[in-house]
Number of protein chains: 2
Amino acid sequence: MADEAQKDVQAKPVTNVIACLRSEFGERLSEALAVRERFGKDESFHASVPPDAVVTPHTTEEVSRIVSLCAEHRVPVIPYGTGTALEGHVAALHGGISINLQEMNQVVELHAEDLDVVVQPGVTRKQLNNYLRDSGLFFPIDPGADASIGGMAACRASGTNAVRYGTMRENVLALTVVLADGRVIQTSRRARKSAAGYDLTRLFVGSEGTLGVITEVTLRLYGIPEAISSAVCTFPDVDSAVNTVITTIQYGVPIARIELLDEAQVDAINRYSKTDLAVAPTLLLEFHGTDQGVKEQAEIVQEIAVDSGGSNFQWTTNTEERNRLWQARHDAAYACKALRPGGEIWATDVCVPISRLAECIRETQQDIRDFGLFAPIVGHVGDGNFHLCLLVGKDDPAESKKANELHERMVMRALGMGGTCTGEHGVGYGKLDFLVAEHGEAISVMRSIKQALDPDNIMNPGKILRV
Amino acid sequence: MADEAQKDVQAKPVTNVIACLRSEFGERLSEALAVRERFGKDESFHASVPPDAVVTPHTTEEVSRIVSLCAEHRVPVIPYGTGTALEGHVAALHGGISINLQEMNQVVELHAEDLDVVVQPGVTRKQLNNYLRDSGLFFPIDPGADASIGGMAACRASGTNAVRYGTMRENVLALTVVLADGRVIQTSRRARKSAAGYDLTRLFVGSEGTLGVITEVTLRLYGIPEAISSAVCTFPDVDSAVNTVITTIQYGVPIARIELLDEAQVDAINRYSKTDLAVAPTLLLEFHGTDQGVKEQAEIVQEIAVDSGGSNFQWTTNTEERNRLWQARHDAAYACKALRPGGEIWATDVCVPISRLAECIRETQQDIRDFGLFAPIVGHVGDGNFHLCLLVGKDDPAESKKANELHERMVMRALGMGGTCTGEHGVGYGKLDFLVAEHGEAISVMRSIKQALDPDNIMNPGKILRV
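Residues numbered from 1 in each chain as written. Chains lettered and ligands numbered in written order. Predicted model: local features only at pLDDT ≥ 70, side-chain atom pairs only at ≥ 80, totals over all residues.

**Q** A description of the overall build of chain A should follow, citing residues and the corresponding values.
**A** Per the secondary structure count, chain A includes 17 helices and 18 strands. Relative to a compact globule of 467 residues, whose C-alpha radius of gyration would be 23 Å, chain A shows 23 Å and is just as compact. Dimensions of chain A along its principal axes, counting C-alpha atoms only, are 70 × 55 × 40 Å. For chain A, the residues scored as buried account for 57% of the 467 residues in total. (Helix = DSSP H or I, 4+ residues; strand = E, 2+ residues; numbered from the N terminus. Rg over C-alpha atoms; globule rule 2.2 N^0.38 Å. Buried ≥ 20, exposed ≤ 12 C-beta atoms within 10 Å, placed from the backbone.)

**Q** Please set out the interface of chain A and chain B residue by residue, giving values where relevant.
**A** How big an interface is tends to be reported as the loss of accessible area on association of its parts. Counting residues at the interface gives 76 residues for chain A and 76 residues for chain B. Looking at the side of chain A that touches chain B, the elements that each hand over two or more residues are α7 (168-171), β9 (184-186), α8 (200-204), β11 (222-223), α9 (238-250), α11 (291-307), α16 (432-439) and α17 (442-453) of chain A. Of all the elements, α17 of chain A adds the most residues to the side of chain A that touches chain B, at eight residues. By residue class, the composition of the side of chain A that touches chain B is 31 nonpolar, 28 polar and 17 charged. (Contact = placed C-beta atoms within 7 Å. Nonpolar A, V, L, I, M, F, W, Y, C, P; charged D, E, K, R; others polar.)

**Q** Lay out α16 of chain A with the relevant residues and their values.
**A** Residue and element names in this part refer to chain A. By the burial criterion, the buried members of α16 are F434, L435, E438 and H439. Projected onto a plane normal to the axis of α16, the buried residues spread over an arc of 120° and lie on a single side. Each element contacted by the buried residues of α16 is listed here: α15 (397-416) and α17. After α16 finishes, the residue G440 shows a positive phi value of roughly 55°. (Arc of directions from axis to C-beta.)

**Q** Go over the pairing of strand β10 (residues 212-220) of chain A, please, and point to the residues and values.
**A** Residues and elements named next belong to chain A. The element β10 is largely enclosed, with a buried count of eight among its nine residues. Pairing between strand β6 (residues 116-119) and β10: four bridges, direction antiparallel. From the neighbouring strand, V119 faces β10, where its bridge partner is V217. Across seven bridges, strand β8 (residues 172-179) lies against β10 in antiparallel orientation. The partner of V177 across the bridge, within β10, is I214. (Pairing = 2+ DSSP bridges.)

**Q** Any details on the nonpolar core? Residues and values, ideally.
**A** Side chains that are nonpolar tend, in soluble globular proteins, to be buried together. If you look at the biggest cluster of nonpolar residues, it comprises 297 residues, and the most contacted ones within it are C70, I99 and A153 of chain A together with C70, I99 and A153 of chain B. Leaving out residues up to four positions away in the same chain, A153 of chain A has contacts with M168, V172, L175, V205, I214 and V217 of chain A. (Core = buried A, V, L, I, M, F, W, Y, C linked by C-beta atoms within 7 Å.)

**Q** Any chance you could break down the domain arrangement of chain A for me, citing the residues and the numbers?
**A** Residue and element names in this part refer to chain A. When the domains of chain A are assigned, the result is domain 1 (2-100), domain 2 (107-223), domain 3 (227-331) and domain 4 (334-426). Counting residues at the interface gives nine residues for domain 2, matched by six residues for domain 4. Tallied by class, the residues present in the side of domain 2 that touches domain 4 amount to five nonpolar, two polar and two charged. (Domains from an automatic or database assignment.)

**Q** Go over the relation of the copies chain A and chain B, please, and point to the residues and values.
**A** You can overlay chain A on chain B at an RMSD of 0.0 Å; the transform is a turn of 180° with a shift of 0.0 Å along its axis. Accordingly, the operation relating the two chain copies is best matched by a two-fold axis. Comparing contact sets, 100% of the residues at the interface of chain A also lie at the interface in chain B, consistent with an isologous, same-surface contact. (Least-squares fit on C-alpha atoms with pLDDT ≥ 70 in both.)

**Q** Can you explain the packing of α17 of chain A against helix α17 (residues 442-453) of chain B? Please cite residues and give values.
**A** Running from N to C, α17 of chain A and α17 of chain B cross one another at 130°; their axes reach a closest spacing of 9 Å. What the angle tells us is that α17 of chain A and α17 of chain B run oblique. Pair α17 of chain A / α17 of chain B crosses with right-handed handedness. In this structure, α17 of chain A uses V445, S448, I449, Q451, A452 and L453 of chain A to contact α17 of chain B, whose residues at the interface are V445, S448, I449, Q451, A452 and L453 of chain B. Broken down by class, the residue content of the contact of α17 of chain A with α17 of chain B amounts to eight nonpolar, four polar and no charged. (Axes fitted to C-alpha atoms, helices over the stretch in contact; angles between N-to-C directions. Parallel < 35°, antiparallel > 145°, perpendicular 65-115°, else oblique. Left-handed = near helix turned anticlockwise from the far one by under 90°.)

**Q** Please give an account of the sheet that holds strand β2 (residues 53-55) of chain B that cites residues and values.
**A** All names here are of chain B. One open sheet accounts for four strands, arranged β1-β2-β4-β3; its pairing is mixed. Both outer strands of the open sheet, β1 (29-30) and β3 (77-80), are each paired with one neighbouring strand and no more. Sheet topology places β2 next to strand β4 (residues 97-100); three bridges connect them, and they run parallel. Looking across to β4, one finds that V54 is bridged to S98. Most of the contacts of helix α3 (residues 60-73) go to β4, to which it runs at about 170°, and overall it touches β2, β3 and β4.

**Q** Lay out the packing of helix α9 (residues 238-250) of chain B against helix α14 (residues 357-371) of chain B in plain terms, naming residues and giving numbers.
**A** Residue and element names in this part refer to chain B. For the pair α9 and α14, interaxial distance at closest approach is 9 Å and the crossing angle is 155°. Classified by the interaxial angle, the pair formed by α9 and α14 is roughly antiparallel. For α9 against α14, the interelement crossing comes out right-handed. Between α9 and α14, the contacting residues are V238, D239 and V242 on the first element and L357, A358, I361 and R362 on the second. Class assignment for the residues of the contact of α9 with α14 results in five nonpolar, no polar and two charged.

**Q** Hey, could you go over the sheet that holds β8 of chain A for me, with residue numbers and the actual values?
**A** All names here are of chain A. Spatial strand order, β5-β6-β10-β8-β9: five strands in an open sheet with antiparallel pairing. Because the sheet does not close on itself, it has two edges, and the strands there are β5 (107-111) and β9. Along the sheet, successive strands turn relative to each other by an average axial angle of 15°, direction set aside.

**Q** Describe unusual backbone geometry, and please don't skip the residues or the numbers.
**A** At R156 of chain A, a residue that is not glycine, the phi angle is positive and equals roughly 50°. Here R156 of chain A is to be found in the loop between α5 (149-154) and α6 (162-165). With a phi close to 55°, E208 of chain B is a non-glycine residue in the positive phi region. Locating E208 of chain B in the fold gives a position in the loop between α8 (200-204) and β10 (212-220).

**Q** Tell me what's going on with the pairing of strand β17 (residues 377-380) of chain A, and back it up with residues and numbers.
**A** Residues and elements named next belong to chain A. Covered by surrounding structure in β17 are I377 and G379 together with V378 and H380, the residues of both alternating faces. Judged from the three bridges that link them, strand β13 (residues 257-261) and β17 form a sheet pairing that is antiparallel. Bridge pairing in β17 links E259 to H380. Pairing geometry for β17 and strand β18 (residues 385-393), over four bridges, is antiparallel. When the sheet's bridge partners are listed, H380 is paired in β18 with N385. Taken together, β17 and the strand that follows it, β18, pair antiparallel across an intervening segment of four residues, in which G384 is found at a positive phi of about 80°.

**Q** I'd like to hear about the confidence of the model for chain A, residue by residue, with values.
**A** The share of residues in chain A with pLDDT of 70 or more is 98%, and the mean pLDDT across the chain is 95. Confidence over residues 1-5 of chain A falls short of pLDDT 50; this stretch has zero contacts with residues more than four positions distant or in other chains. (pLDDT = per-residue confidence, 0-100.)

**Q** How would you summarise the environment of R324 of chain B if you had to cite specific residues and measurements?
**A** Residue and element names in this part refer to chain B. Examined against the element boundaries, R324 turns out to sit in helix α12 (residues 319-330). Taking the C-beta count within 10 Å as the criterion, R324 has 16 such neighbours and is therefore assigned partly exposed. The spacing of R324 and S273 is 51 residues in sequence and 8.8 Å in space, taken between C-alpha atoms.

**Q** Which residues make up the environment of I66 of chain B, and what values go with them?
**A** Residue and element names in this part refer to chain B. Counting through the fold element by element, I66 comes out in helix α3. In this structure the C-alpha to C-alpha distance between I66 and V178, which are 112 residues apart in sequence, comes to 9.9 Å. Beyond its immediate chain neighbours, meaning those up to four positions away, I66 contacts L21, V55, P57, I97 and I99.

**Q** Explain the environment of T160 of chain B residue by residue, including any values.
**A** Residues and elements named next belong to chain B. Assignment of secondary structure puts T160 in the loop between α5 (149-154) and α6 (162-165). Sequence spacing of T160 and G122 is 38 residues, and the spatial spacing of their C-alpha atoms is 22 Å. Those residues in contact with T160 that sit more than four places away from it in its chain are D142, R257, E259 and H380.

Quick look at the structure:
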C-alpha cells in the first residue's frame, strides 16, 4: 500500500505533463504501449525501456514548449531520431517523454557556394544526399544505418569516410539547441572557422541528448568527386593489412575509405551477399579525386600493399561494382546475424592509436577463440577503429557471461593501449563504467558541466554519466 | 586613507602567494617591473597590464601547485606562452600571477606511426617543425608569429594552411589541463576519434586560459608532401579572386593555401620585401601532393582563375622562390608598419561564409576610403577569413576614433552576414562586446560553464566573458 501511494505521488508530474501535451499536440501525442515500446528501443541488444508518452513536434518552438513543461515538472526528456543507436541511447531509464523528431525532416537552406546546408534534425543522411544530388555536392558521414542528422550529431557519428572527411565533430558547423529549461540557443555561426568563445558546437556534438535537444544542424558539404574508384586486396594476416594502412596514411595518400574485414567477416559476407572474396584478412579501399588522381592513388597503394604482402589487388571505377562492394560492407552485421538465426547481435567498438591496432585485433581474436565465441571483426582501420559483432544465443546465460567477459577484456585492452572505449557508437548506458575507466578525474569536469546546464537531470538521464 | 587601507587588505592575498612561490621557485619568480610589464603585454595595440609577479614552472605538478595556491587565496592566474596574442590575452586586468610556460618546452613523445606528437606547451611551432624534419612529418598550423603550441591551442589558432589541414580545433587530439582548483585532467586519449563523453578537448581549445592552464598537448601530424608548388595570380577585382577560390573549393581541389592580398597590401609588400608583384588584388596559392598531383592541381586552378578574369598566373616548385614568397606574406604586417613609422598597427580579423566574402571586403574597403584611413587587407580566403591591418597614428585621438568606428562597422557587417567577430585572433578583452553581439543567449551557456569550472573567477579573469 505504501509503495502504491508512493508510486501515485511520483506518477503525478508526468501525468500533468501528458495532460498538457495532449491539449496542445492532440494526436501527435501517444501513450499506446506498442508506440512507447518502439521508442524505448534502439538497434542494440539493450531491452526496450518505454517512455511514458511519445510526442511529435514540428518546430523548434514546439520542442522548447515541451522541454519547458517537462522542466517545470522535472520530468525526463528523451530525444529520438531514428532509433538506430547501439548503446541504449533512447531507453527511458527514468520514464518521461520521448521527443520524436522524425517529422522535423525538412532541408531548411542549402548554401551551395559556401558548401553548407541547414537541416532539421529528422532529415536522414540518405534523404540529404538524395536532396543534394543535383547540386554536385554530398555529405560524407555514413554510419551503417540511415540515421537522422540530429541523432548523428548527438552521438558524434562517424563511418567509413571518416579517414578523409572526419566525423560529425569536424562536419557540424552550428546547432540550434533547446536547453534543459526550454531556452533556445544557436551554438555558432555559419563561418567555417571561428575563435569566438567556447566551442559550444563541439560540446553538444556527442552529448547524446544529455545537455539539450538539437533542433537544427548546419553541416559542411563537399563536391562530389570527378572520379571514384574502389579496390579490394587480400593479406596473409591482420598485421600486413594494418601496415599497409599506416604507410598509406604516412605517405599522404588522401584515401577516402580503408576498411578491414577479418576472415570470419569475409566468410559471412560471401554467404550473405553472394560475393566471392578470398577468405583472408581483406582491405576494401576507395579513392576520390580526378581521373588521373584516383589512378595515381590506386597505383601508390597497390605498391604499398604488395610491399606488405598483399595480393589480389583488384580495382574498379564501375559504379555498379563499387556499390555492390560497399553494400556488402554495410550489410556486414546482417551477414553475421544470418549465420546464426537464433542469435542476438552485440555490436560494439573501440578505437586505438593505429600503431597498436594490429596487436589489439590479434589479442581480441585470440580471446574469441579461447572463449569459443563467434564474433567477426570489421574496422575503419584508417582511424584505428574496429567493431566486434558478437553473436550471442538468446537465453543462453553461459554464453552471455562469456561475451561480457570478452567485451570487458577488449575495452580494457584498448584503454591500456591509449585508446578509447568507443570510437563511434557512443556511451548510452551500455558503457558508463568504461567511460569512468577511460577519463578518470576528467569525469568530474563532465559532471560539473552536466550539473551546470541540466541541474535537475531531466535531459536523457542515466546516459553518459551517473549523476 | 580609507582607499589605502582598502588597497592593503586587497593586496594581502597576492603578497602571501608571492611569498610562498618565492620559497618554492626562488629565482624562477620575478617581481621586477620590467619583467612584469613584458608579461602583461602581447603584440597588439592593447597597453601592458602587468601581473604582480611572473613565475616559471617546469612541470605540470609545479603548475598545479601554483594554481592551487592562487585558488586558496583567490588570486588571478594568467598563462603566458610567447606573448604573440592580438587581443590583450595576457594582460593582468585584475592583477595576479603570470605563469610563464616558456621553459616547459620539451617534445615529450613522437609517435611517427600514429602521426601524433606530445609536447609541452612552451614548444613553438617552428621548434616543433625543426624537431620533426628528419621524421618526414610536419605540423601545418601557422599563425604568422612563432607562437607556442600551448598558446595556439588556448587561442584556437589557425593560419594559411587551415583551408586544407584545419585549425587547432581539428589538430589537437588531447590536452593535459590544470583546473582552477589545481586538479590535473587529461581531456582525451591518443585515438584519432572517440565518441566517449563530452568533448573536453574542444572545450579547452579556444578557452584562452579562462578554464584552466594547458600543460601538455597531443597534436596530429602529417607526412611532408612529396611535392609542393606555389603560384601567384592577379585579378581585376576582389570579386574575381574570391570567385576563383569558391570554384576551386567546390571542385574539390585539395589546395593547401589560398591567400588574398588587396592592392594596398601588395604595394606595401613590394616596398618592404623588394618583390615586384603587380599592384592588384592577388592570390597566393600553394599545392601539396605528388609531383603529378600538384601539377594537375595547378593546371585546374589556373583554368578556373582565367575563367574568372585572372592573369599573370605564375607557378614554381623551387623551394627558395616559394620560401621568399611566403616570407613576404608572413611579413605583411611589418610591411604595413614600415609605410608609417610613427603609426601603431591594429590587427583585427573577421570570418564570414565565403559567398559573402567579396561583398564584406568591398564594403570594408569603401569604409576605409570614406574614413580616410590606411588599412591593407590580407585574407585566408579559403576559410572566408580576412585581416585588417589598421595603421593609426600614436596620440592621434581623432584617427583612433575613426579607426574604432571603422572596426565596429566591419565586425557588425560580418555578424550581419552570418559571420563571426574573429576567425582566428580570439576574443581576449578586445572583443568582449562583439562576442555578446554574436552569441546572444548562448553567452549564458558559456557563463554557466565558466562558473561551474572556475567559481572564483581566477583563471585569466576579464577575458572572453564579463563574469
